[in-house]
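Descriptive analysis of the structure
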Amino acid sequence: MTDVKDKPDGVGFGRVIRKEDARFVRGKGSYIDDIVLPGMLHGAVLRSPYAHAKIISIDTSVAEKHPKVKAVITGALLETLNLAWIPSLSHDVIAVLATDKVRYQGQEVAFVIAEDRYSARDALELIEVDYEVLPAVVDAKRALDPGMVVIRDDIENKKDNYIFDWGSGDEAATEAVFEKADVIVEQDMLYPRVHPAPMETCGAIADMDPISGKLTIYCTTQAPHAHRTLYALVAGLPEHKLRVYSPDIGGGFGNKVGIYPGYVLSVVGSIITKRPVKWVEDRSENLMSTSFARDYHMKGKIASTRDGKILGLRVDVLADHGAFNNTAQPTKFPAGFFHVFSGSYDMEAAYCSVKGVYTNKAPGGVAYACSFRVTEAVYAVERMVDRLALELDMDPADLRMKNLLRPEQFPYTSPTGWEYDSGEYPRALQLAMDIAGYEDLRKEQAEKRANGELMGIGLSFFTETVGAGPKKHMDILGLGMADGCEVRVHPTGKAVVRLSVQTQGQGHETTFAQIVSEVTGIPVADVEVIHGDTDNTPFGLGTYGSRSTPVSGAAAAVASKRIVEKARLIASAMLECSPDDLEWTTGRWQVKGDPSAGKTIAEIALAAHANLELPEGVEGHLDASCVYDPPNLTFPFGAYICVVDVDPGTGKVKVRRFIAVDDCGPRINPMIVEGQVHGGLADGVGMALMESIPFDEDGNCLGGSFMDYLLPTSLECPSWETGETVTPSPHHPLGLKGVGESATVGSPPAVVNAVLDALKPFGVKHADMPLTPAQVWRAMQGRPMRTDLAIQ
Amino acid sequence: MQVNMLVNGVEVSDDIEPRLLLVHFLRENLRLTGTHWGCDTSNCGTCTVWMDGTPVKSCTVLAAMASGSEIMTVEGLATDGELDPVQQGFIEMHGLQCGFCTPGMMLSARWLLDHNPDPNEEQIREAISGQICRCTGYENIVRAVKWAAAHSQKSDTREEVGA
Ligand code: FES
Ligand code: FES
């Protein structure tokens, strides 16, 4: 029915410029800090200078006397409201404002509400806090040492810094494989703490109407509906009196999934002052206190035959979760989807274990385009495959080709129980190698090496796991992850589509219009997308983990198909024929064998609203909705090749080329897909080479500003070379898989593998990210450093 | 204290605190919210505007220092409602995603093209290297500037405001 060929221009999938750009290029976007409400006050957060300290006393009396200050909120006040602590999404609690202790540098201690932004900041200086400094737990590897100070003494009977142990796969079978293997390679590696650092920081405006009791929360949230329900559950606020409104968002990347203390404080502030309260964090607050990502210390072990057939893989992880277990992720597993770590390869057995510990660092853990730890999983397997290639003295491309899953193995059940939907892996790798000119690159490298020049070629092949998700894998505090969509065709044939998900730059206003258009034949220009406002959109859990297209996009497709089916019945009444006698061409039902007799979707929409006698059981109007409960996750994949040159004098890495072949199924809008891939590749270069948040022995965060936390600019990024293959997913109504996170997941190991390939003449087997000049230089001297600690 | 300046060709004057940053003056006092704010350390460039014809980071300029100057913000890029080729280029080549860095990027791009109408890729990358985009990986920004170069004509008003 929807298999429409030869669509007219302006209908359906294809390269279309974005609807949202018209306002953005004029400077007319409306981001959180652009919103001003009448009578609005400004909040600012006082933060802890210490990583670990007892709070002896807090004196706010001077601050309260500041002429512009309206209120000062402390943890003691929140305790009276039962809001000093709130539940995390990971069976823990987080402090909104510290009451007993501060547990990381930058933790929230007090909240000032004042007439203007500058005065609120001024008043922070007037608050006196008396701290008793405690030793800080900085090194995750020592968090469980006997006698180590206990961070979470708020938890009854807590005597250590242990959070959880979790494993997946068949440990005995994996060990048996290692017993018989010819070759075993082991490697320790760290995926260091990084931060999403969207260009817009997080913020909120809470506006409590004291008369109606309605609370509107304008907020930088990727998941407005989830936030509303959580506010209702946690604060006991009546859900029908809560409206969460997500305006334009200046980038999210996972940073804007969770509920931060600042949001809650704005709400409390508005209730107390009876005026709207805005809170927008500054960059240091963003980097030091909001959700980080990764921080996985991984021990990999891979087994193979002598000729390079991979037999098994084991990864044991020590996970640094910071001071609270607050990974904002919906999976039922404490390590998210890490157990897809067997990656894209056929192997007999695999096993992973993850141990979580508390440290005196900001909480978080999965933010930053990671599909819930798939990033770490892909890094682990792709580094291990390269380590194996080194050991076997085999070309890493040959080793991958030999072990990639073959098309006939799909749907494929992985050793840890995932059902991969579809894939043609060798084709994607071959295409990437063809674009790169792989053979020639290796020749060039050999020549360069002979001259003492350091050139490296790195590969990675990734399988993503997105579209969260089926109820068997995930929920958020018991809420399933189905997403709703409503499509309404107005009498004149123009449509409005309402979404549960929220764009942060992905271009939903365009791509969801294209989905509706693709199915209904209504031109993209005639479809308006409404999102971000819980009062005006159906329920759903939001945009993260590349789930919009796989879940909400599926809902939009199904709702649109329902429109077309309903239109068929109405057309049959209009044409006085049987529905079976009609056939669909783009945007029109026509009589089989008589194309001149037909009705366009606009004509049908008008009839559906007019006085036409409708067939029995058909209601008026032309609307449909769908709540889509995904039957499976989707598994986009790709093959990446990175070429680097390393300066032997300074250790500086130059990314010369990057080739990315992505398969995300059919592309709604190739221009937007490519743009997302580009952005993710830049992220990968950043993480692999630059982004770093180490801590000193006192727990001071050394990555708390853009002077220290370096993001890639136009000069560190090469001109990206992209390619595509298209393998539709059988588990999505339009075969779509999602792409937002693919490149962030897939690119870091390619860059690292390339740098280490360049350093091969030095006998370097591994060095942890970020591969800064200092780290590369040290690796060349045979002593790469730990990148999570400032003191070695 | 009193400040006066010409913002996008319009005379403005206001009584402000001496410490007020230009970025906040533009955004809050004048409600020109197309100029963004993204860091505390002059690294991100989302706050870029033109001051007397030169791009500056408006988070690093006091409004008082800008008194007597001519300022151009993203809201001043279009002429009589017609988009500057740079703006059109960003749309055509998908040079923006979340749009947060975009105003600053476009203002640097316009300045580059006014001084070098046919820049090569390296020159474009150099011109925007003081600004961070977290979404696009820069590729399509470079393409957008190239598109604009191919479709550019300097407008008279901008020459007056500019250098
Ligand atoms: S706000 Fe970051 S450079 Fe001005
Ligand atoms: S478009 Fe989002 S930061 Fe550049």
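Just so you know, these numbers come straight off a predicted model, no measurement behind them.

Examining the overall build of chain A
Of regular secondary structure, chain A possesses 18 helices and 32 strands. By the compact-globule yardstick of 28 Å for 792 residues, chain A fits well, its C-alpha radius of gyration being 27 Å. On the principal axes, the C-alpha backbone points of chain A span a range of 85 × 75 × 50 Å. Looking at chain A as a whole, 65% of its 792 residues are labelled buried. A fraction of 79% describes how many contacts in chain A between residues 6 or more apart in sequence connect residues 24 or more apart. Carbon and sulfur atoms make up 51% of the accessible area of chain A, which amounts to about 26,000 Å² in all. On chain A, the mean spot of the 77 positive side-chain charges and the mean spot of the 105 negative ones are 1 Å from each other.

With respect to helix H10 (residues 396–403) of chain A
Quick reminder: α-helices carry 3.6 residues per turn. Residues three or four places apart thus point the same way. All names here are of chain A. Among all positions in H10, only Pro-396, Ala-397, Leu-399, Arg-400 and Asn-403 are buried. Angular distribution of buried residues about the axis of H10 spans 165 degrees; they occupy a single face of the element. Against the buried residues of H10 lie strand E17 (310–320), helix H9 (374–392), helix H11 (425–436), helix H12 (438–450), strand E22 (454–463) and helix H17 (742–758).

Examining the interface of chain B and chain A
Of the residues lining the interface, 48 residues belong to chain B; the matching set on chain A comes to 58 residues. Taken over both partners, the interface formed by chain B and chain A buries close to 4,400 Å², and the fraction arising from carbon and sulfur atoms is 54%. Its salt-bridge partner being Asp-33 of chain A, residue Arg-27 of chain B comes within 3.8 Å of it at the nearest N-O pair. Summed over the shared surface of chain B and chain A, the number is 30 residue pairs in polar contact (both at pLDDT 80 or more). For the side of chain B that touches chain A, the elements supplying multiple residues, two or more each, are helix H1 (22–29), helix H2 (85–92), helix H4 (121–127) and helix H5 (139–150) of chain B. In the side of chain B that touches chain A, the residues fall into 18 nonpolar, 17 polar and 13 charged.

Concerning the environment of Leu-89 of chain A
Residues and elements named next belong to chain A. In this structure, Leu-89 sits in the loop between strand E4 (85–87) and strand E5 (93–95). Expressed as a C-alpha distance, the spacing of Leu-89 and Thr-327, which sit 238 residues apart in the sequence, is 6.7 Å. With sequence-adjacent residues up to four places away left out, Leu-89 is seen in contact with Leu-230, Asn-326, Thr-327, Ala-328, Gln-329, Ile-476 and Leu-477.

Describing the packing of aromatic side chains
With the rule as written, the count across this model stands at 25 aromatic pairs over all chains. Consider the rings of Tyr-31 of chain A and Phe-100 of chain B, whose centres lie 5.0 Å apart with planes at 90 degrees: the pair is edge-to-face. Of this pair, Tyr-31 of chain A sits in the loop between helix H1 (21–24) and strand E1 (41–47) while Phe-100 of chain B is found in the loop between H2 and helix H3 (102–115), placing the two residues in two different chains. Assigned by exposure class, Tyr-31 of chain A and Phe-100 of chain B land together as buried.

Regarding the pattern of salt bridges
A full pass over the atoms with the stated rule returns 71 salt bridges over all chains. Note that Asp-34 of chain A and Arg-27 of chain B form a salt bridge whose closest N and O atoms lie 2.8 Å from each other. A residue pair is termed interchain when its members come from two chains, as with Asp-34 of chain A in the loop between H1 and E1 and Arg-27 of chain B in helix H1. Across the pair, exposure class does not vary: Asp-34 of chain A and Arg-27 of chain B are buried alike. Asp-535 of chain A is paired through a salt bridge with Arg-243 of chain A; the nearest N and O atoms lie 4.0 Å apart. Of this pair, Asp-535 of chain A sits in the loop between strand E25 (527–530) and helix H14 (548–575) while Arg-243 of chain A sits in strand E13 (residues 242–245), and the two are 292 residues apart along the sequence. A relative accessible area of 21% means that Arg-243 of chain A is categorised as partly exposed. Salt bridges here are not isolated pairs; linked through shared partners, they connect Asp-92, Asp-100, Lys-101, Arg-103, Arg-152, Asp-153 and Asp-154 of chain A.

Describing the sheet that holds E25 of chain A
All names here are of chain A. Taken together, 4 strands build an open sheet; the order of strands is E25-E24-E23-E29 and the sheet is mixed. Each of the sheet's edge strands pairs with one partner strand only, and the pair in question is E25 and strand E29 (622–628). Taking each pair of neighbouring strands and ignoring which way they run, the sheet shows an average axis angle of 15 degrees. Both strand E23 (residues 483–489) and strand E24 (residues 495–499) contribute to a ladder of 5 bridges, which runs antiparallel. Residue pairing in the sheet places Cys-485 in a bridge with Leu-499 of E24. Contacts from helix H13 (residues 508–520) reach E23, E24 and E25 within the one sheet, and its direction differs from that of E25 by about 125 degrees. Helix-sheet contacts for H14 involve E23, E24 and E29, and the interaxial angle to E29 is about 145 degrees.

Thoughts on the sheet that holds strand E8 (residues 128–133) of chain A
Remark on secondary structure: sheet strands pair via backbone hydrogen bonds, oriented parallel or antiparallel. Taking strand neighbours across the sheet as the criterion, the 3 strands line up as E6-E2-E8 (chain A) in an open arrangement whose pairing is antiparallel. Of all strands in the sheet, those bounded by a partner on one side alone are strand E6 (101–102) and E8 of chain A.

Comments concerning the packing of H3 of chain B against H5 of chain B
Geometry of a packed helix pair, given as the angle between the helix axes and the separation of the axes. Residue and element names in this part refer to chain B. Running from amino to carboxyl end, H3 crosses H5 at an angle of 40 degrees, the nearest separation of the two axes being 11 Å. Relative to H5, H3 is oriented oblique. H3 and H5 meet at a crossing whose hand is right-handed. Contacts between H3 and H5 involve Met-105, Ala-109, Leu-112 and Leu-113 from the former and Ile-141, Val-145, Ala-148 and Ala-149 from the latter. Considered class by class, the residues forming the contact of H3 with H5 number 8 nonpolar, no polar and no charged.

Description of the domain arrangement of chain A
Size of an interface: often given as the accessible area lost when the parts come together. All names here are of chain A. The domain architecture assigned to chain A consists of domain 1 (4–28 + 483–628), domain 2 (32–134 + 204–235 + 256–277) and domain 3 (292–468 + 632–780). The distance between the C-alpha centroids of domain 2 and domain 3 comes to 38 Å. Across the boundary between the two partners, domain 2 contributes 17 residues, which contact 17 residues of domain 3. Taken together, both faces of the contact between domain 2 and domain 3 bury some 1,300 Å²; the carbon and sulfur share is 53%. In terms of surface lost to domain 3, no three residues of domain 2 exceed Ser-90, Tyr-104 and Gln-105, which account for 36% of the buried area on that side. For the interface between domain 2 and domain 3, the tally reads 0 salt bridges. Run the count over domain 2 and domain 3 and you get 10 residue pairs in polar contact (both at pLDDT 80 or more). Considering each element in turn, the side of domain 2 that touches domain 3 owes the most residues, 3 residues, to E5.

Some points on the nonpolar core
If you look at the biggest cluster of nonpolar residues, it comprises 215 residues, and the most contacted ones within it are Met-298, Phe-338 and Leu-689 of chain A together with Phe-90 of chain B. With 11 residues, H9 of chain A is the largest single contributor of residues to this core. Not counting the four nearest positions on each side in its chain, Met-298 of chain A is found in contact with Gln-187, Asp-188, Met-189, Tyr-191, Val-315, Asp-316, Val-317, Phe-338, Glu-376, Tyr-379 and Ala-380 of chain A. In this structure, Val-497, Ala-559, Trp-584 and Ala-624 of chain A belong to the second largest nonpolar core, which totals 46 residues.

A word on a negative patch on the surface
A surface patch of negative charge is lined by Asp-59, Glu-64, Glu-128 and Asp-130 of chain A. Looking at Asp-130 of chain A, the relative accessible area reads 39%, which means it is partly exposed.

Focus: the packing of H14 of chain A against helix H15 (residues 601–609) of chain A
Residues and elements named next belong to chain A. The contact between H14 and H15 brings their axes to 9 Å, and the two run at 75 degrees. In terms of orientation, H14 lies roughly perpendicular with respect to H15. Contacts between H14 and H15 pair Ile-563, Ala-567, Ile-570, Ala-571 and Met-574 from the former with Ile-601, Glu-603, Ile-604, Ala-607 and Ala-608 from the latter. Residue classes in the contact of H14 with H15 are distributed as 9 nonpolar, no polar and 1 charged.

Some points on the domain arrangement of chain B
Residues and elements named next belong to chain B. Here chain B is partitioned into domain 1 (2–74) and domain 2 (85–153). Just the C-alpha atoms count here: the centres of domain 1 and domain 2 sit 21 Å apart. Between domain 1 and domain 2, the contact holds 17 residues from the first and 15 residues from the second. Between domain 1 and domain 2 lies a buried interface of about 1,200 Å² when both sides are counted; carbon and sulfur atoms form 66% of it. Sorting the residues of domain 1 by area buried against domain 2 places His-36, Trp-50 and Val-74 first, and these three jointly supply 39% of that buried surface.

Section: H12 of chain A
Residue and element names in this part refer to chain A. Helix length check: H12, at 13 residues, gives a terminal C-alpha distance of 19 Å against a target of 18 Å (1.5 Å per residue), a fit within 8%. Those residues of H12 that fall on the buried side of the exposure criterion are Tyr-438, Leu-441, Arg-442, Gln-445 and Lys-448. Here the buried residues of H12 occupy an arc of 125 degrees about the axis, which is enough to place them on one side. In H12, the exposed residues that point more than 90 degrees away from the buried face are Glu-439, Asp-440, Lys-443, Glu-447 and Ala-450. Of the surrounding elements, those touching the buried residues of H12 are H10, H11, E22, strand E30 (637–646), strand E31 (653–663) and H17. Trailing H12 by a residue or two, Gly-452 shows a phi angle of about 80 degrees, which is positive.

So, how was this worked out
Residues numbered from 1 in each chain as written. Chains lettered and ligands numbered in written order. Predicted model: local features only at pLDDT ≥ 70, side-chain atom pairs only at ≥ 80, totals over all residues. Heavy atoms only, no water. Helix = DSSP H or I, 4+ residues; strand = E, 2+ residues; numbered from the N terminus. Rg over C-alpha atoms; globule rule 2.2 N^0.38 Å. Buried < 20%, exposed > 50% of the residue type's maximum accessible area, 1.4 Å probe, protein only. Contact = heavy atoms within 4.5 Å. Areas by Shrake-Rupley, 256 points an atom, 1.4 Å probe, with all protein chains shown as cover. Lys, Arg positive; Asp, Glu negative; His and termini not counted. Charge placed at Lys NZ, Arg CZ, Asp CG, Glu CD. Arc of directions from axis to C-beta. Buried area = accessible area lost by both parts, 1.4 Å probe. Salt bridge = Lys/Arg side-chain N within 4 Å of Asp/Glu carboxyl O. Polar contact = N/O pair within 3.5 Å; in protein donor to acceptor, adjacent residues only side chain to side chain. Nonpolar A, V, L, I, M, F, W, Y, C, P; charged D, E, K, R; others polar. Phe/Tyr/Trp six-rings, centres within 6.5 Å; stacked < 30°, edge-to-face > 60°. Pairing = 2+ DSSP bridges. Axes fitted to C-alpha atoms, helices over the stretch in contact; angles between N-to-C directions. Parallel < 35°, antiparallel > 145°, perpendicular 65-115°, else oblique. Left-handed = near helix turned anticlockwise from the far one by under 90°. Domains from an automatic or database assignment. Core = buried A, V, L, I, M, F, W, Y, C linked by side-chain atoms within 4.5 Å. Patch = residues over 30% accessible without salt bridge, like charges linked within 9 Å, V, L, I, M, F, W, Y side chains within 5 Å. Expected span 1.5 Å × (residues − 1).

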